[in-house]
Number of protein chains: 2
Amino acid sequence: MGTLEFGGQQYLDGRASDPRELGWMRGAPPPADKRISFDSGRVLEFPKIRWSLSHVRELAPTVGVWRGRGGPSALECNDNAAAIEGLSFVDMSGRTRRFDDALYDTYTDGIIVLHRGRIVYERYFGVLESHLPHACHSVTKSYAGTLTAAFVHEGVLDDRKTIPHYLPELRGSAWGDATLRQVMDMLTGLAYTEDYVDEHSGVAAYLRACGRRPRPVGYDGPQTLCDFLPTVNKEGAHGETVSYKSVNTEVMAWVMARVTGRSFAQLLHERIWAPLGCEEDGYVSVDPAGMQMAGGGLCASLRDLGRFGELMRREGDWQGKQIIPASVAHEVRTGGDPAKFPYAGLAGYSYRGMWWVSHNELDAFEARGIHGQLLYVAPKAEMVVARFASHPVATGAAHNPITLPQMLSLGRFLRG
Amino acid sequence: MGTLEFGGQQYLDGRASDPRELGWMRGAPPPADKRISFDSGRVLEFPKIRWSLSHVRELAPTVGVWRGRGGPSALECNDNAAAIEGLSFVDMSGRTRRFDDALYDTYTDGIIVLHRGRIVYERYFGVLESHLPHACHSVTKSYAGTLTAAFVHEGVLDDRKTIPHYLPELRGSAWGDATLRQVMDMLTGLAYTEDYVDEHSGVAAYLRACGRRPRPVGYDGPQTLCDFLPTVNKEGAHGETVSYKSVNTEVMAWVMARVTGRSFAQLLHERIWAPLGCEEDGYVSVDPAGMQMAGGGLCASLRDLGRFGELMRREGDWQGKQIIPASVAHEVRTGGDPAKFPYAGLAGYSYRGMWWVSHNELDAFEARGIHGQLLYVAPKAEMVVARFASHPVATGAAHNPITLPQMLSLGRFLRG
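Residues numbered from 1 in each chain as written. Chains lettered and ligands numbered in written order. Predicted model: local features only at pLDDT ≥ 70, side-chain atom pairs only at ≥ 80, totals over all residues. Heavy atoms only, no water.

Draft legend 1. Structural context of the relation of the copies chain B and chain A. Rotating chain B by 180° and translating it 0.0 Å along the rotation axis places it on chain A, where the RMSD comes to 0.0 Å. Expressed as an axis order, the relation between the two copies is that of a two-fold axis. Residues of chain B ranked by C-alpha distance from the rotation axis are headed by P61 of chain B, positioned 2.5 Å from it. Most of the interface of chain B is mirrored in chain A: 100% of its interface residues are interface residues there too. (Least-squares fit on C-alpha atoms with pLDDT ≥ 70 in both. Contact = heavy atoms within 4.5 Å.)

Put into structure tokens, the structure is as follows:
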């Protein structure tokens, strides 16, 4: 059995950790040592995660994102699998890899490549199927950021206002003097850490409050998302440095829900799923008060994620209809201030409106989620790649050295 | 505000308990006194139930029943609402009621009437919408019973075998000497009570084991459905009297899952949802081991429930394709032995294969679920009625005196 090492630990490799082979949740009932349940608290533990991310709704309460009645929009196929799988590229450590091997090396659950709007490559691994929604994790943020920017464009929201203008509940919190724009761009100073491994981190407390991590016996902390957010204090200044923290997205989405009177799932349905002609319903995790988790709670089918990428590539136009204002998509592509971007692992990038912007030769911008979720939009290659994965390591550090050159080489190939 | 009395208690009536008016789960976040959450343990408490039954997935883990790619099958419309709403009938207490008033009096969330396969009446109330799956409760049993009977017909299952032939785990339990047929027909003697109000009842223990009722602090009972079922002991004899108990359905469905290697949701997809061309995905509640609750865990859209009724009315034929063996549907219509049927509230009925059989002038047979769920198939009137409701009282005793004459008068009207 193959293994790979990350941070000094050995993990089964992409092939050896195939969840079908490992037998998770098979049988009636599944054997005790092959069960995955929310109560066990280890649903994101490798290699269970290879099953969990395709079955989120079986582990927690969710709300549907209805696709509407329009029927799926056509995604024509122009298969080029043989050429794409045979591509080779040099990863950041100087090693030459084949495209198809790299899919296993990044623990890919599914990947779809669109070129000029047509599917040139589509493949599923493990337990993922084309109709099955997979966890988007923080790719969710880019959906939420795009909706928020559209409301700013329409004048429904004013991104120069500070958060308490919309949410008086947050007056005494870190966001008391943060503008909506700063929140949308993650330019806030928060006493909160986004560390998925540390049980004492801000993100762990946030997920416990939302009921999305098991609570210890005797837990007496915040009971819901909206109880938790007011407890986050300021640390440092707003406006100076990108500091990626999921709670900013939750605050932004809370503003949107408060002002529009629509839930995140309703807005996704009305503004994206139905007009785009998505082919499957998506869904969003909810907290114990029914608040929907815009920081990372969306699950979608791979093709529907691809459709969203294609919409952004076309600057909001979908078959002649302007679904998202062109300026919103254009602003994402233009990006934020690279001088305020501190993450060395994504050198040269900036962050804008809940998107990661590469400023590379393809003008690529990305939605990214933990454990390898990726929507890579490369306008200059007329390419969109949607990838779901279940990588053992949450952060991108483990897969970026493969993923980024892989996407760039694919874009160069398709650009011709 | 209007009220109605059941069992000496006053309840808001159907109009006054409209969940939109009462404001459940509205706002970001909903006010504390307007929240409904699983942890509160009161999701089926009236009037919260009027919201809950249209939002089950937001309260608990569920697995999807995929509709497939075929697109929805046509349900033509031949609207006859004015005539139907104006119908009047005499209920069992001798009171004359109008059809449309009776919808409120039975706390209807949605109703669809098919005549000769066409929609002649369709209406939604409160928070239910046509695309939104609603709790089917024990209507689920009739789906499961029909699938099981089809497997018996195909020789995959032998209904003369005793349960331990398929499930050795149940050798020492009540089902140790029960045949699959006896289980399918609820002809078992079990030390288990189906009382939804009593916290010490068998059904309460079953739901706690499945994680579908909150567990008290320090709970050390069975952790899953399949841990619970072996603890049910025999009481009395098998084969003598219909004794309606949800655990029989769970045993039946467990046999089906074990033998076919397919989960209940997969079987519903493959055998019903996809071939029928259902228009929305359904879903099924799951227990902590991922077992799917065939005793009452299905949620479906109203039209898709109507399609299933129409399939049974046509004896398994759907647009020229035999989806369920004709003999399975015919056997349901023929029914069981009325001499073994003990329920005075449904005088003249029998029970067969997880269906309630009226033996009335319309040859009607019914799928029934707590709080007013109903699928009423009346072959001699070429009529199918699917109704979702959220009645304050779980058992049919409170609404049968209205529902049964209402359905009969509607059938007589459509028969002409």
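Draft legend 2. Representation of empty space enclosed by the protein in the model. Inspection of the entire model under this criterion finds two cavities of 30 Å³ or more. Looking at the largest cavity, its volume works out to about 50 Å³. Taken together, G145, T146, A149, R181, M184, V328, E331, V332, R352, G353 and W355 of chain B form the lining of the largest cavity. Split into classes, the residues belonging to the lining of the largest cavity amount to five nonpolar, three polar and three charged. The computed volume of the second largest cavity comes to approximately 30 Å³. G145, T146, A149, R181, E331, V332, R352, G353 and W355 of chain A together form the lining of the second largest cavity. Breaking the lining of the second largest cavity down by element, the ones donating at least two residues are α5 (139–153) and α13 (326–334) of chain A. In terms of residue count, the dominant contributor to the lining of the second largest cavity is α5 of chain A (three residues). (1 Å grid on protein atoms, 1.4 Å probe; cavity = no way out; pocket = protein on both sides within 12 Å on 5 of 7 lines; lining within 4 Å. Points joined across faces, edges and corners; volume = space filled by probe spheres on them. Nonpolar A, V, L, I, M, F, W, Y, C, P; charged D, E, K, R; others polar. Helix = DSSP H or I, 4+ residues; strand = E, 2+ residues; numbered from the N terminus.)

Draft legend 3. Seen up close, the interface of chain B and chain A. Each side of the interface is counted separately: chain B has 35 residues, and chain A has 35 residues. There are four salt bridges connecting chain B and chain A. Ionic pairing is found between E280 of chain A and R67 of chain B, a salt bridge with its closest N-O pair at 3.0 Å. Across the contact surface, chain B and chain A share 18 residue pairs in polar contact (both at pLDDT 80 or more). Here the residues of the side of chain B that touches chain A sort into 18 nonpolar, seven polar and 10 charged. (Salt bridge = Lys/Arg side-chain N within 4 Å of Asp/Glu carboxyl O. Polar contact = N/O pair within 3.5 Å; in protein donor to acceptor, adjacent residues only side chain to side chain.)

Draft legend 4. View of the sheet that holds strand β8 (residues 134–135) of chain B. All names here are of chain B. With respect to topology, four strands assemble into an open sheet ordered β3-β9-β10-β8, the strand pairing being antiparallel. A single partner strand is all that each edge strand has here, and the edge strands are β3 (62–65) and β8. Across the sheet, helix α10 (residues 264–276) touches β3, β9 (282–285) and β10 (298–300), and the angle it forms with β3 is around 20°. (Pairing = 2+ DSSP bridges. Axes fitted to C-alpha atoms, helices over the stretch in contact; angles between N-to-C directions.)

Draft legend 5. Region of interest: the packing of aromatic side chains. Residues and elements named next belong to chain B. By the definition in use, this model includes 36 aromatic pairs over all chains. Between the aromatic rings of F99 and Y121, the centroid separation amounts to 5.7 Å while the plane-to-plane angle is 80°, which identifies the pairing as edge-to-face. With a gap of 22 residues between them, F99 in helix α4 (residues 99–105) and Y121 in strand β7 (residues 118–124) connect regions that are remote in the sequence. Accessibility expressed as a relative area gives 1% for Y121, which makes it buried. (Phe/Tyr/Trp six-rings, centres within 6.5 Å; stacked < 30°, edge-to-face > 60°. Buried < 20%, exposed > 50% of the residue type's maximum accessible area, 1.4 Å probe, protein only.)

Draft legend 6. Region of the structure containing the packing of helix α11 (residues 264–276) of chain A against helix α12 (residues 302–313) of chain A. Residue and element names in this part refer to chain A. Viewed as axis vectors pointing N to C, α11 and α12 meet at an angle of 100°, and their least axial separation amounts to 10 Å. Put simply, α11 runs roughly perpendicular to α12. Within the contact between the two elements, α11 uses I272, W273 and L276 and α12 uses D304, R307, F308 and L311. Looking at side-chain class alone, the contact of α11 with α12 contains five nonpolar, no polar and two charged residues. (Parallel < 35°, antiparallel > 145°, perpendicular 65-115°, else oblique.)

Draft legend 7. Representation of the nonpolar core in the model. Membership of the largest hydrophobic core comes to 97 residues, with the highest contact counts inside it found for W175, Y206 and L268 of chain A. At eight residues, the largest contribution of residues to this core is made by helix α10 (residues 246–260) of chain A. In this structure, W175 of chain A is in contact with I163, P164, L170, V183, T188, L190, L229, V232, V247, N248 and V251 of chain A, ignoring residues within four places of it in sequence. One finds L147, A178, M184 and C278 of chain B within the second-largest nonpolar core, a separate group that totals 94 residues. (Core = buried A, V, L, I, M, F, W, Y, C linked by side-chain atoms within 4.5 Å.)

So yeah, pure geometry; function would need other evidence.
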